[in-house]
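Each chain, written out:
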Amino acid sequence: QNIMESFDDIYLDLSKQSGKCRLAESGLGWKVSGGQTFTLDKAEIISAQWSRAARGHELKVIARNAGVVQLDGFRQDDFDTIQKCFKVWYGVELIQKEHALNGWNWGKSEMGRNEFSFAVRNRPAFEIPYTEISNTNLAGKNEVAVEFSLPADGEETGTNGHLGGARSKGRKTGGATDQLTEMRFYIPGTETRKGKKKDDEDGED
Amino acid sequence: NLNGTAVKQYKKFESYKRDAVFPTRVKDLMILVDEKNNSIILPIMGRPVPFHIATLKNATTSQEGGFCFLRINFLSPGQGVGRKDDQPFEDPSAQFIRSLTFRSKDNNRMEDIKDQITEMKKNMTRKEQEKKDMED
């Protein structure tokens, strides 16, 4: 019967233009009209997550080579279909993830495989793929600064516009109207060296 | 209050509930000030992330290379400021976001956001003072 599922108005990696996302047995694809097609073979897919995002609901795929692939703009109703496709065709469980909305600025940073997340009461407030970080440094005694890679010119796409303004890796935030350039954290107990994050789990509840 | 610090409830403020509806303009991945909910909403890697006004310290702007940079500073330990009873400043494991900087080509909007944040902060401080005065 259905050999393909198709979704309109989907944004790839913060692209300015929306395109059509297709799920087929062989993998997934995304294309803006008149543009080139981005494809992800099913063998590439490691895991998948479903959350609310800016344009609608986001399907985030962690891929072997492509890293963090973000597809935003799905409707809540699409979840069942997508979950089924991923399970049957790709053998991957689509996991629903709720994000923190309480507006707090304290929590705990967690280092994942492809991204780092800042969790507030065990819910991620946001995630940052490692590909988007250009530099980090110890800016003060207890302060860590994280800088983001951005296109030199705010208009540059990094993909010659072929992917509807979706950025190549390391340029994602360039697709936003307001582009995040730097983030600073207060990290307690960094007087000697940082990196002993494993020691202090679950302290804040 | 079993243990003082350990059981402290840092729940005096909350930006949004679980099923909250964000302003539709979060679609544009831009900074929004949502006065109704005492919050700002920041676009971080494609996700709208709210921060309550009570976590904010101030906002500043600067110009460089054709961009306007808006730096939003949050309350965190070790700055000699902040309402320590509202936030887990003494929790030895709590990490804090200290600042977030955004760039935009829309200078006016960035200045406007800065002013709105300053105004919101001022109103909050005033309201708190009024409340305190009533209690006295």
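Please read all numbers here as calculations on a predicted model, not as lab measurements.

Each value, and the rule that gives it
Residues numbered from 1 in each chain as written. Chains lettered and ligands numbered in written order. Predicted model: local features only at pLDDT ≥ 70, side-chain atom pairs only at ≥ 80, totals over all residues. Heavy atoms only, no water. Helix = DSSP H or I, 4+ residues; strand = E, 2+ residues; numbered from the N terminus. Buried < 20%, exposed > 50% of the residue type's maximum accessible area, 1.4 Å probe, protein only. Areas by Shrake-Rupley, 256 points an atom, 1.4 Å probe, with all protein chains shown as cover. pLDDT = per-residue confidence, 0-100. Contact = heavy atoms within 4.5 Å. Buried area = accessible area lost by both parts, 1.4 Å probe. Salt bridge = Lys/Arg side-chain N within 4 Å of Asp/Glu carboxyl O. Polar contact = N/O pair within 3.5 Å; in protein donor to acceptor, adjacent residues only side chain to side chain. Nonpolar A, V, L, I, M, F, W, Y, C, P; charged D, E, K, R; others polar. Pairing = 2+ DSSP bridges. Phe/Tyr/Trp six-rings, centres within 6.5 Å; stacked < 30°, edge-to-face > 60°. Lys NZ or Arg CZ within 6 Å of the ring centre and 35° of its normal. Core = buried A, V, L, I, M, F, W, Y, C linked by side-chain atoms within 4.5 Å. Axes fitted to C-alpha atoms, helices over the stretch in contact; angles between N-to-C directions. Lys, Arg positive; Asp, Glu negative; His and termini not counted.

## Quick notes on the overall build of chain B
- Looking only at helices and strands, chain B features 1 helix and 6 strands.
- When the helices and strands of chain B are read in sequence order from the N terminus, they spell out β-β-β-β-β-β-α.
- A total of 136 residues make up chain B; the buried ones form 49% of that total.
- On chain B, roughly 7200 Å² of surface is accessible, and the fraction owed to carbon and sulfur atoms is 48%.

## Side note on the confidence of the model for chain A
- Considering every residue of chain A, the mean pLDDT works out to 86; 82% of them sit at 70 or more.
- This model gives residues 192–205 of chain A a pLDDT under 50, and the stretch forms 25 contacts once residues within four places in sequence are excluded.

## A word on the interface of chain A and chain B
- Across the contact, 59 residues belong to chain A and 56 residues belong to chain B.
- Both faces combined, the contact of chain A with chain B buries some 4700 Å², and carbon together with sulfur accounts for 52% of it.
- In this structure, Glu-143 of chain A engages Arg-98 of chain B in a salt bridge whose closest nitrogen and oxygen atoms are separated by 2.5 Å.
- Our count for the chain A to chain B interface comes out at 29 residue pairs in polar contact (both at pLDDT 80 or more).
- Elements represented by at least two residues in the side of chain A that touches chain B include exactly strand E5 (45–52), strand E6 (57–63), strand E7 (67–74), strand E9 (106–111), strand E11 (123–129), strand E13 (143–148) and strand E14 (179–186) of chain A.
- For the side of chain A that touches chain B, the leading source of residues is E14 of chain A, giving 8 residues.
- For the side of chain A that touches chain B, the class distribution of residues is 23 nonpolar, 15 polar and 21 charged.
- As paired strands, E14 of chain A and strand E6 (residues 95–104) of chain B are joined by 7 bridges and run antiparallel to one another.

## Description of the packing of aromatic side chains
- This model, assessed by the stated rule, comprises 16 aromatic pairs over all chains.
- With a centroid separation of 5.2 Å and 75 degrees between ring planes, the pair formed by Phe-7 of chain A and Phe-74 of chain A is classed as edge-to-face. With Phe-7 of chain A in strand E1 (residues 4–12) and Phe-74 of chain A in strand E7, this residue pair connects regions lying 67 residues apart in the sequence.
- Taking relative accessible area as the criterion, Phe-7 of chain A reaches 6% and is therefore assigned buried.
- Aromatic pair Phe-51 of chain B and Phe-74 of chain B: ring centres 4.8 Å apart, planes at 55 degrees, arrangement tilted. Of this pair, Phe-51 of chain B sits in strand E3 (residues 47–52) while Phe-74 of chain B sits in strand E5 (residues 67–74); the two residues are 23 residues apart in sequence, bridging distant segments of the chain. There is no split in this pair, since Phe-51 of chain B and Phe-74 of chain B are both buried.
- Through successive ring pairs, a cluster of aromatic residues spans Trp-104, Trp-106 and Tyr-186 of chain A together with Phe-13, Phe-89 and Phe-96 of chain B.
- Cation over ring: Arg-55 of chain A sits above Tyr-11 of chain A, and NZ or CZ is 3.9 Å from the ring centre.

## Digging into the nonpolar core
- Residues Phe-126 and Met-183 of chain A together with Leu-42, Ile-44, Phe-51, Ile-72 and Leu-100 of chain B are the most contacted members of the largest nonpolar core, which totals 46 residues.
- Ranked by the residues each element gives to this core, the list is headed by helix H1 (residues 107–135) of chain B, at 5 residues.
- Apart from residues lying up to four places away in sequence, Leu-100 of chain B is in contact with Leu-180, Glu-182 and Met-183 of chain A together with Leu-42, Ile-44, Phe-51, Leu-70, Arg-71, Ile-72 and Phe-74 of chain B.
- Listed in part, the 28 residues of the second largest apolar core include Ile-10, Ala-48, Val-61 and Cys-85 of chain A.

## Comments concerning the sheet that holds E5 of chain A
All names here are of chain A.
- With mixed pairing, 8 strands are arranged side by side in an open sheet as E4-E3-E2-E1-E7-E6-E5-E8. Sheet topology places strand E4 (37–41) and strand E8 (94–96) at the edges, where each strand pairs with a single neighbour. Geometrically, the sheet is characterised by an average inter-axis angle of 30 degrees between neighbouring strands, direction not taken into account.
- Where E1 and E7 come together, 2 bridges link them in antiparallel fashion. Residue pairing for E7: Leu-12 is matched across the bridge by Leu-71.
- Against the sheet, helix H1 (residues 78–90) makes contact with E1, strand E2 (19–24), strand E3 (27–31), E5, E6, E7 and E8, and its axis sits at roughly 45 degrees relative to E2, the strand it touches most.

## Section: the side chain of Glu-143 of chain A
- By the element assignment, Glu-143 of chain A lies in strand E13.
- In this structure the side chain of Glu-143 of chain A is engaged in a polar contact, spanning 2.5 Å, whose partner is the side chain of Arg-98 of chain B.
- Not counting the four nearest positions on each side in its chain, Glu-143 of chain A is found in contact with Asn-137, Leu-138, Arg-184 and Phe-185 of chain A together with Arg-98 of chain B.

## A few points about the side chain of Asp-72 of chain A
- Counting through the fold element by element, Asp-72 of chain A comes out in strand E7.
- For the buried Asp-72 of chain A, which has no salt bridge, the nearest side chain bearing the opposite charge is Arg-55 of chain A, at an N-O separation of 5.0 Å.
- Within polar-contact distance, the side chain of Asp-72 of chain A engages the backbone nitrogen of Arg-55 of chain A at 2.9 Å.
- Once residues lying within four places of it in the same chain are set aside, the contact partners of Asp-72 of chain A are Asp-9, Ile-10, Tyr-11, Ala-53, Ala-54, Arg-55, Gly-56, His-57 and Glu-58 of chain A together with Gly-46 of chain B.

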